[in-house]
Amino acid sequence: MTLLSAGEARDVTFGEMAARTRSIAFRLGREGVQPGDRVAIIGENHPNWAIAYFGTLHCGAVAVPLDPAASLDALANFLTGSEAKLAFVSFESLRKFRAVCERMGRRIPAVLLNDEASSPTSEDGAARFEEWARTPPPPEFAAAPPLASLEKVAVMMYTSGTTGFPKAVPLTHRNIQAETGAVQEAMRVSEDEVILGLLPLFHVYSQIVTLWLSPLIGARVVYLTELNSAQIERGLKAAGVTALIGVPRVWYLFHKKVFDAVRARSTVVRSLFRALLRMNGWLRDGLGINLGRLFFRQVHEGFGGRLRLAVSAGASFDADVARDFHRLGFTLLQGYGLTETCGAATVTRFEDNLIGSVGTPLDGVEVKIDEPNGEGIGEVLIRGPIVTPGYDRNPEANRDAFTPDNWFRTGDLGRLDARNHLFIVGRKKDVIKLPSGKNVFPEDVEAHYGQSPLVSEICVVGVHDAAVGVARAEKLLGVVVPDFEYLKANHIANAREAIRFALDTLGRDLPEYQRLREYVVRAEPLPRTTTRKIQRFAVLRQIETAGIAEGAGREADRFPFTAEDRNLLDSPTGRAVTAMLLHHAPRETAPHPRMNLELDLGLDSLARAECIVGLEQRLGITLDPQETSAALTVGELIGLVERQTHGRLPAAGRSLAGEDWRDILTTASLDTPDLAPILQPKPMIVWIAYALLRVIYATARVFLRMEVEGREALTATPRPYLICPNHQSYLDPILISSTYSPGVLRHIFHVGATEYFAGPFMQRLARTLNIVPVDPDLNLIRAMRAGAGGLRAGRILNIYPEGQRSFDGRLHEFKEGAAILASELQLPIVPVAIDGAWRVWPRGSRRLHPARVKIRFGAPIHPAADVPATLDAEARHQALTDLLKTRIQQMLDEMRGEEGESAAG
């Protein structure tokens, strides 16, 4: 065994391990631990952990591995239920262990696992592992065989708790013997193997290879003192790792890192990568030739360059991710099993690695499907020598889990093909039943939506659908944790909007009943088990507690304060930033440095922009837009301001609120590079554009059967004003503009997203068509000022308040930008409803489809007359936004009513 730390590697030979194991076993007996007694092990992966485990088994006692990160209540329940007589505890876990003992009212003798060099000479009366491990046993003890026997319990495991009720699972020496032999036959682990122990040793999946199998065959196991990306990469390379075993979540993270790096490269590199990926897949599948190490040398070197055996165990694996690893040249075997089945019950083989399957049963193991439906799907049942004899002192659980003829009910749904390959489709208890009668397996939906690089984690749950008059009717809800590193790298400040757009687009590839309609985007990680499975019951409980609208998991104690946190907030810069945030944040929450500005404080893009402008005006600084877009938390924003002010704030500044929107918009200069092309007369271009648009109009009338109503509202409304359509397709601006008269075209201008106008040609086109390209994430204030400047110059602004295209014709949330401009400049808004364009050019599609398009211009909305003057500015903006959305929805309903069609029909 090797312990790899940041500074050095420490090896433990098999001879040394055997001698220490006997010494530990001898000391356990001397301390009164008898065969059958339980001994807890609480600590991080370490050679001493393994030696304590083997020493416990050697003296005939039962090892009880426990999660050091478990809560005090959970550890107290485990220690009480197991009746542990002694515990091996790491120095990092000792304080928690003592607190648990105090809560239990029972003192359990402890042995400190850490080396003397890394921990104090004494700590709360704990015995020293090193002193125990150096104790020479008497010759008769060393010569005697271990006290364990095949039928006796070797290990007491606690289930990971996806249901919230962990159960004690005894595994016998015979269970372990059967599992070890069958896994070795299937995976062909050799004595030359170097195995990286990533998974925690307290879980059964880690014990199969690193504890049970490797000592039998003489393989080397490498443990890391820290599990961060830098240490893992160092471990893979420095140790020359040949075998890596992980749960699906581990492999998903590796996959995401590889493909995120590819997405960051140029178009040519991405195209070449995809071509080589397809080619190597074809070579492997068709000819049995694997050129992955040649084609993707950098990827393989990232895994150390020697990786031979890659295994994903514990749960079903996304077939697309498995296929990508296969095409990259890795042999990724998949296993399936539970704690109750000693870990793996099925595994794919080198010669039969069917992607999408979790393999065929191990030797001596039987698998069958209970009560299969028409698709062959039913509960997976397992029987064989690897199956636990039954839960410890839990007859009710045993009655539920075992059939009369000793088949173990896994709770997983799956199917078997003609060659006995098992396919897992989800958990029986997790199936979401929709009012339509359709069943949704959330893991399948999560795997699909998880393809987005914006998503770090996603959990799909079924929540009550109040719109359906059925008591237990459910609808799908996605709980999403963004990939904040990706957001920062791509300067995306508005996570909710970006995620909704990306996931709505991905949803088009799913059947209607599997599409997500609602999302909760949250900053905190999803609750998971020790094997990284999502605890859906905990997610649902958080949603029920906090509500869908507010998000999940907003407990007040989620952000405990450290002295460093308080010093940061109490600094002059910290006080200035938090005061500005509190002034603009819609939620009354005391800021914490780790709080996300958008997801925890509730700052949308406009409120965030107001904060930035307020800080600039109050402190007399200018913040770089790219840096502000990357500041996603309170602490990062304080740090950014601190660097600009060098900690020295001006003695006097503007008011806390800085400038309001009226100040910002009415003082916007008309003499800016953004406005110069707009204000320049272009009579020739106007007439050329008008002629081309009339051709488009005539074509649309014929092929799209386009109907237009209410155009007189444009000529009847005095300039300046805003035109605000809903947004369904890239075609919207062209089709709507084709209805404009030369007088409107002469004065129209647009504010468009920078991403669509990159490059010299597109920039020139933008200037010609009176489009101001602005990145709303980086320069929202600039966009607002450009819009205000053009309007104050007497122009007509065409702006889309939805901010993104609808994928099914339904209206999305409207942004307040148009309402702010109209309200603060006291200008009318002409609402426009366009319908059918989403069918003509669907989001995510490259093809046009014939469909009817309708456009209707509504009567102008006048802020002064249509919104109560008694409201404050923020309330006026919201009221005007709501009114605009309502008017457009009314027009859409009227147009659809005429045709008898629905938005998503």
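Residues numbered from 1 in each chain as written. Predicted model: local features only at pLDDT ≥ 70, side-chain atom pairs only at ≥ 80, totals over all residues. Heavy atoms only, no water.

1. A few points about the overall build of the protein
So, point 1. Each helix and strand counted, the protein has 36 helices and 32 strands in total.
So, point 2. Since a compact globule built from 905 residues should have a radius of gyration of about 29 Å, the 32 Å found for the protein is in line with a globular shape.
So, point 3. Here the protein holds 905 residues, and 55% of them are scored as buried.
So, point 4. Summarising the internal contacts of the protein: among those between residues at least 6 apart in sequence, 69% fall at separations of at least 24.
So, point 5. Put simply, the protein shows about 39400 Å² of open surface, and 54% of that area lies on carbon and sulfur atoms.
So, point 6. The centroid of the 103 positive side-chain charges in the protein is displaced by 4 Å from the centroid of its 106 negative side-chain charges. (Helix = DSSP H or I, 4+ residues; strand = E, 2+ residues; numbered from the N terminus. Rg over C-alpha atoms; globule rule 2.2 N^0.38 Å. Buried < 20%, exposed > 50% of the residue type's maximum accessible area, 1.4 Å probe, protein only. Contact = heavy atoms within 4.5 Å. Areas by Shrake-Rupley, 256 points an atom, 1.4 Å probe, with all protein chains shown as cover. Lys, Arg positive; Asp, Glu negative; His and termini not counted. Charge placed at Lys NZ, Arg CZ, Asp CG, Glu CD.)

2. Let's talk about a nonpolar patch on the surface
So, point 1. Residues Trp282, Leu287 and Ile289 make up a contiguous nonpolar surface patch of about 340 Å² in total accessible area.
So, point 2. Its location among the elements puts Ile289 in the loop between helix H11 (267–287) and helix H12 (292–295). (Patch = residues over 30% accessible without salt bridge, like charges linked within 9 Å, V, L, I, M, F, W, Y side chains within 5 Å. Salt bridge = Lys/Arg side-chain N within 4 Å of Asp/Glu carboxyl O.)

3. Here we look at the packing of aromatic side chains
So, point 1. Within this structure, the stated rule accounts for 18 aromatic pairs.
So, point 2. With 5.7 Å between their ring centres and 80 degrees between their planes, Tyr53 and Phe54 make a pair best called edge-to-face.
So, point 3. For Phe54, a relative accessible area of 17% gives the class buried.
So, point 4. Ring pairs connect the aromatic residues Trp251, Phe254, Phe303, Phe325 and Phe330, which therefore count as one cluster.
So, point 5. One cation-aromatic arrangement involves Arg694 over Tyr697; the distance from NZ or CZ to the ring centre is 4.5 Å. (Phe/Tyr/Trp six-rings, centres within 6.5 Å; stacked < 30°, edge-to-face > 60°. Lys NZ or Arg CZ within 6 Å of the ring centre and 35° of its normal.)

4. Structural notes on the environment of Asp412
So, point 1. Structurally, Asp412 can be placed in strand S19 (residues 408–416).
So, point 2. Relative accessible area serves as the criterion here: at 7%, Asp412 is assigned to the buried category.
So, point 3. The sequence separation of Asp412 and Gly337 amounts to 75 residues, and the corresponding C-alpha distance is 10.0 Å.
So, point 4. Of the polar contacts made by the side chain of Asp412, one reaches the side chain of Tyr336; its length is 2.6 Å. (Polar contact = N/O pair within 3.5 Å; in protein donor to acceptor, adjacent residues only side chain to side chain.)

5. A closer look at the confidence of the model for the protein
So, point 1. Within the protein, residue pLDDT values average 86, and 91% of them lie at 70 or more.
So, point 2. Within the protein, no element has a lower average pLDDT than helix H31 (residues 760–768), which sits at 71, and none a higher one than strand S3 (residues 38–42), at 97.
So, point 3. The model gives residues 116–122 a pLDDT under 50, and that stretch makes ten contacts with residues more than four places away or in other chains.
So, point 4. Every residue in residues 549–557 scores below 50 in pLDDT, and together they form 21 contacts with partners more than four places removed in sequence or on other chains. (pLDDT = per-residue confidence, 0-100.)

6. Remarks on the pattern of salt bridges
So, point 1. Tallied over the full model, the rule gives 45 salt bridges.
So, point 2. Of the charged contacts, one joins Arg188 and Glu351 as a salt bridge, the two residues approaching to 2.7 Å between their closest N and O atoms. Residue Arg188 is found in the loop between helix H7 (173–187) and strand S10 (194–196), and its partner Glu351 is found in the loop between strand S15 (343–347) and strand S16 (360–361); the two are separated by 163 residues along the sequence.
So, point 3. The exposure class of Glu351 is exposed, given its relative accessible area of 56%.
So, point 4. Between Arg896 and Asp835 there is a salt bridge, and its shortest N-O distance comes to 2.8 Å. One end of the pair, Arg896, is in helix H36 (residues 873–899); the other, Asp835, is in strand S31 (residues 829–835), and 61 residues separate them in sequence.
So, point 5. Given a relative accessible area of 5%, Asp835 falls into the buried group.
So, point 6. The structure contains a network of salt bridges with shared partners spanning Glu512, Arg515, Arg517, Asp808 and Arg810.

7. What about the side chain of Glu130?
So, point 1. Within the secondary structure, Glu130 is located in helix H5 (residues 129–133).
So, point 2. Within the structure, the side chain of Glu130 is placed 3.1 Å from the side chain of Arg20, a separation counted as a polar contact.

8. Points about unusual backbone geometry
So, point 1. Residues Arg719 and Pro720 are joined by a peptide bond in cis, for which omega reads -5 degrees.
So, point 2. Within the secondary structure layout, Pro720 lies in the loop between helix H28 (712–716) and strand S27 (721–725).
So, point 3. Despite not being glycine, Cys342 shows a phi value in the positive range, around 65 degrees.
So, point 4. When you line up the elements, Cys342 lands in the loop between strand S14 (332–338) and S15.
So, point 5. Taking relative accessible area as the criterion, Cys342 reaches 0% and is therefore assigned buried.

9. Comments concerning a negative patch on the surface
So, point 1. Side chains of Asp604, Glu813, Asp872 and Glu874 sit close together on the surface and give a patch of like negative charge.
So, point 2. Among the structural elements, Glu874 can be located in helix H36.

10. Thoughts on the sheet that holds S19
So, point 1. The strand order across the open sheet formed by four strands is S17-S18-S19-S20, and the pairing between neighbours is antiparallel. Looking at the sheet topology across the chains shown, the edges are occupied by strand S17 (366–370) and strand S20 (422–427). Geometrically, the sheet is characterised by an average inter-axis angle of 50 degrees between neighbouring strands, direction not taken into account.
So, point 2. By the bridge criterion, five bridges tie S17 to strand S18 (residues 378–383) in an arrangement that is antiparallel. The residue of S18 that forms the bridge with Glu366 is Arg383. (Pairing = 2+ DSSP bridges. Axes fitted to C-alpha atoms, helices over the stretch in contact; angles between N-to-C directions.)

11. What to know about helix H1 (residues 14–30)
So, point 1. Taking 1.5 Å of rise per residue, the 17 residues of H1 would be expected to cover 24 Å, and the 24 Å separating its terminal C-alpha atoms lies within 8% of that figure.
So, point 2. Every buried residue of H1 is listed here: Met17, Arg20, Thr21, Ser23, Ile24, Ala25, Phe26, Arg27 and Leu28.
So, point 3. In the core, the buried residues of H1 are packed alongside S3, helix H2 (47–58), strand S5 (84–89), H5, helix H6 (139–143) and helix H8 (204–217).
So, point 4. In the stretch just after H1, Gly32 is the one whose phi turns positive, near 95 degrees. (Expected span 1.5 Å × (residues − 1).)

12. Quick look at the sheet that holds S10
So, point 1. An order of S2-S1-S11-S10-S12-S13-S14-S15-S16 is seen for the nine strands of this open sheet, with the pairing classed as mixed. Whereas interior strands pair on both sides, the edge strands pair on one side only; in this sheet they are strand S2 (9–11) and S16.
So, point 2. Examined bridge by bridge, S10 and strand S12 (residues 243–246) share two bridges and lie parallel to one another. Within S12, the residue paired with Ile195 across the bridge is Ala243.
So, point 3. Of the strands in this sheet, strand S13 (309–312), S14 and S15 are in contact with H7, which crosses S15 at around 40 degrees.

13. A closer look at the nonpolar core
So, point 1. Ranked by internal contacts, the top residues of the largest apolar core, which has 113 residues, are Tyr53, Phe88, Phe303 and Leu328.
So, point 2. Dropping the residues within four chain positions of it, Leu328 is found in contact with Val258, Phe259, Phe273, Leu277, Asn280, Gly292, Phe296, Val299 and His300.
So, point 3. Listed in part, the 41 residues of the second largest apolar core include Ala783, Phe814, Ala822 and Ile861. (Core = buried A, V, L, I, M, F, W, Y, C linked by side-chain atoms within 4.5 Å.)

14. Here we look at the pairing of S13
So, point 1. Of the two faces of S13, the one carrying Leu309 and Val311 and the one carrying Ala310 and Ser312 are both buried.
So, point 2. Sheet analysis places S12 next to S13, joined by four bridges and oriented parallel. If you follow Leu244 over to S13, its bridge partner there is Ala310.
So, point 3. Alignment of S13 against S14, held across three bridges, turns out to be parallel.

15. Some remarks on the packing of helix H22 (residues 605–619) against helix H24 (residues 634–645)
Think of two packed helices as two axes; the pair is described by the angle between the axes and how far apart they sit.
So, point 1. In contact at an axis separation of 12 Å, H22 and H24 are set at 25 degrees when each is read in the N-to-C sense. It follows that H22 is roughly parallel to H24 by the angle criterion. Seen along the crossing, H22 lies across H24 with a hand that is right-handed. The residues of H24 that touch H22, namely those facing Ile612, Leu615 and Leu619, are Leu637, Val641 and Thr645.
So, point 2. For the contact of H22 with H24, the per-class residue count stands at five nonpolar, one polar and no charged. (Parallel < 35°, antiparallel > 145°, perpendicular 65-115°, else oblique. Left-handed = near helix turned anticlockwise from the far one by under 90°. Nonpolar A, V, L, I, M, F, W, Y, C, P; charged D, E, K, R; others polar.)

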